[in-house]
Amino acid sequence: MENLMKEQTKNVNQELENKDLVTVEKQNGFLNSSVGKIINTAIDLGLRWILPDFVENQIIDVKNSLIKGGLKEGLDKAIESGIELGKSVTGIFTGKFENISQAQNAIKNGGIIDGVSNVLDTALTASTKNGWIPRNVASLIRQGKNAILDNISTNIETEFVNQLDNVEKLGKYENNWRNYYNSKDFDGMEREYQKIKDKLKELLPIETTLKQARQIENIHLLIKNNGHNFNLSDEQLQLAGILTA
């Protein structure tokens, strides 16, 4: 039985070791997706506000025309360039963020809002030149552009406020898990463990944020795989914590 538990411990650690570590690519991918969604939503809402007499299909046609004019490609590049510029300006020379505040400052100082403004101007120019959007409609969009940009700026700030709040919630769930663990209440542990997993999906991947979560995951899976047996040896607990050392 002891050998079986040791083998299960080894398998759990091997499984977790095979998981991807926090990388620059993962962090950039998360920020690209999050900021991209914020910008896209702000443009959609902005077009509806700027063009109140347009029905939904007309709004979609305008958006599609802007995409044909290079909107999507331009925004992708603006976000990517903004992240990298922000890292340089704020001194993130390793390319990897160590906490949420560093990412927040990089996005704030990366010129993304100016980049979006330029992309909108370029897409509008291309769309009117090719006859995809009437000039009077393009003029209205240009006049309302600042409202779109303000919305983007506000929602990016809100996203990072939510990120910081989620870090606190993650810590709360981890503390709850430890309390249930000390009480040998696996059902309670399982509820908090699922909350931890769900919250991690919403967070920018940060190594220090994941450290405690990994240790909890190691021990949780050991107990689960051992039929909810809490009698773990010192060796097993040590092995379970190896990945967080």
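Relevant structure appears above.
Conventions and cut-offs
All residue numbers refer to position in the chain's written sequence, counted from 1. Where totals are concerned, whole chains, interfaces and linings use all residues; where local detail is concerned, this predicted model gives features only for residues with pLDDT of at least 70, and gives and counts side-chain atom pairs only at 80 or more. Note that the side-chain values use all heavy atoms of the structure and ignore hydrogens as well as water. The axes are straight lines fitted to the C-alpha atoms, using for helices just the contacting stretch, and the angles between their N-to-C directions are given from 0 to 180°. In DSSP terms, a helix is any run of H or I states spanning at least four residues, a strand is any run of E spanning at least two, and both are numbered starting from the N terminus. Angular relationships are summarised with four words: roughly parallel below 35 degrees, roughly antiparallel beyond 145, roughly perpendicular across 65 to 115, and oblique for the angles in between. Here a crossing is called left-handed whenever its near helix is offset anticlockwise from the far helix by less than a right angle, and right-handed whenever the offset is clockwise. By definition in these notes, contact holds between two residues if any of their heavy atoms fall within 4.5 Å. Residues are grouped as follows: Ala, Val, Leu, Ile, Met, Phe, Trp, Tyr, Cys and Pro are nonpolar; Asp, Glu, Lys and Arg are charged; all remaining types, including Gly, are polar. Each reported salt bridge corresponds to a side-chain nitrogen of Lys or Arg within 4 Å of a carboxyl oxygen of Asp or Glu. In this scheme, a residue with accessible area under 20% of its type's maximum is buried, one over 50% is exposed, and one in between is partly exposed, where area comes from a 1.4 Å probe on protein chains only. By construction, the arc corresponds to the directions joining the helix axis to the C-beta atoms. Here a polar contact is recorded for every N or O atom pair within 3.5 Å, except that within protein the pair must consist of a potential hydrogen donor and a potential acceptor, and residues adjacent in sequence are included only if both atoms are side-chain atoms. Joining through side-chain atoms within 4.5 Å is the link that ties buried Ala, Val, Leu, Ile, Met, Phe, Trp, Tyr and Cys residues into a set, and such a set is a nonpolar core. By this rule the span expected of a helix is its residue count minus one, scaled by 1.5 Å. The pairing test for Phe, Tyr and Trp rings, Trp by its six-membered ring, is centres within 6.5 Å, and the orientation test on the planes gives stacked under 30 degrees, edge-to-face over 60, and tilted for anything in between.

## Digging into the packing of helix α2 (residues 24-50) against helix α4 (residues 71-90)
Right, on to step 1. Orientation of α2 relative to α4, taken along the N-to-C sense of each, is 130°, at an axis distance of 10 Å. Classified by the angle between their axes, α2 and α4 sit oblique to one another. In this structure, α2 crosses over α4, and the sense of that crossing is right-handed. Residues V24, N28, L31, N32, V35, G36, I39 and I43 of α2 touch α4, and the partners they reach there are L71, L75, D76, I79, E80, I83, E84 and K87.
Right, on to step 2. Of the residues contributing to the contact of α2 with α4, the split by class is nine nonpolar, three polar and four charged.

## Remarks on the pattern of salt bridges
Right, on to step 1. Taken as a whole, this structure holds 10 salt bridges when the rule is applied.
Right, on to step 2. Residue K63 pairs with D44 through a salt bridge whose shortest N-O separation is 2.7 Å. Taken as a pair, K63 in helix α3 (residues 56-68) and D44 in helix α2 lie far apart in primary sequence, 19 residues in all.
Right, on to step 3. The exposure class assigned to D44 is partly exposed, which follows from its relative accessible area of 23%.
Right, on to step 4. The salt bridge partner of K72 is D76, with a shortest N-O separation of 3.2 Å. On the criterion of helical spacing, the pair formed by K72 and D76 is a turn pair, its members being four residues apart in helix α4.

## Re helix α5 (residues 100-108)
Right, on to step 1. Listed in full, the buried residues belonging to α5 are I100, A103, Q104, A106 and I107. Axial view of α5: buried residues confined to an arc of 165°, hence all on one face.
Right, on to step 2. Buried residues belonging to α5 abut α2, α4, α6 (112-129) and α8 (145-182).
Right, on to step 3. Its side-chain oxygen placed 3.2 Å from the backbone nitrogen of S101, N99 serves as the N-cap of α5.

## What about unusual backbone geometry?
What you tend to see is this: most non-glycine residues have negative phi, and most peptide bonds are trans.
Right, on to step 1. In this structure, K184 takes a positive phi of about 55° despite not being glycine.
Right, on to step 2. The residue K184 is located in the loop between α8 and α9 (186-202) in this model.
Right, on to step 3. A relative accessible area of 51% means that K184 is categorised as exposed.
Right, on to step 4. Although it is not a glycine, H228 sits at a positive phi angle of roughly 65°.
Right, on to step 5. Residue position: H228 is located in the loop between α10 (207-225) and α11 (234-240).
Right, on to step 6. Under the relative-accessibility criterion, H228 is labelled partly exposed at 41%.

## Section: the nonpolar core
Right, on to step 1. I39, I43, L66, L71, I107, V116 and I152 are the most contacted members of the largest nonpolar core, which totals 41 residues.
Right, on to step 2. Listing elements by their share of this core, those giving two or more residues are α2, α3, α4, α5, α6, α7 (135-143) and α8.
Right, on to step 3. In terms of residue count, α2 provides more of this core than any other element does, nine residues in total.
Right, on to step 4. I39 has contacts with L75, I79, I112, V116 and I152, leaving out every residue within four places of it along the chain.
Right, on to step 5. Core analysis: the next-biggest nonpolar cluster, separate from the first, contains 15 residues, M189, L203, A213 and I223 among them.

## Structural notes on α8
Right, on to step 1. The first and last C-alpha atoms of α8 sit 56 Å apart over 38 residues, in line with the 56 Å expected at 1.5 Å per residue.
Right, on to step 2. Turning to α8, the residues buried within the fold contact α2, α5, α6, α7, α9 and α10.
Right, on to step 3. Positive backbone phi, approximately 55°, marks K184, located one or two places after α8.

## A look at the packing of aromatic side chains
For any pair of aromatic rings, the description rests on two quantities: the centre-to-centre distance and the angle between the ring planes.
Right, on to step 1. Following the criterion strictly, the structure yields two aromatic pairs and no others.
Right, on to step 2. Relative to F230, the ring of Y181 lies with its centre 6.1 Å away and its plane at 40°, an arrangement referred to as tilted. Taken together, the positions of Y181 in helix α8 and F230 in the loop between α10 and α11 put the pair 49 residues apart, joining distant regions of the chain.
Right, on to step 3. The exposure class of F230 is buried, given its relative accessible area of 14%.
Right, on to step 4. In this structure an aromatic cluster arises from ring pairing among W177, Y181 and F230.

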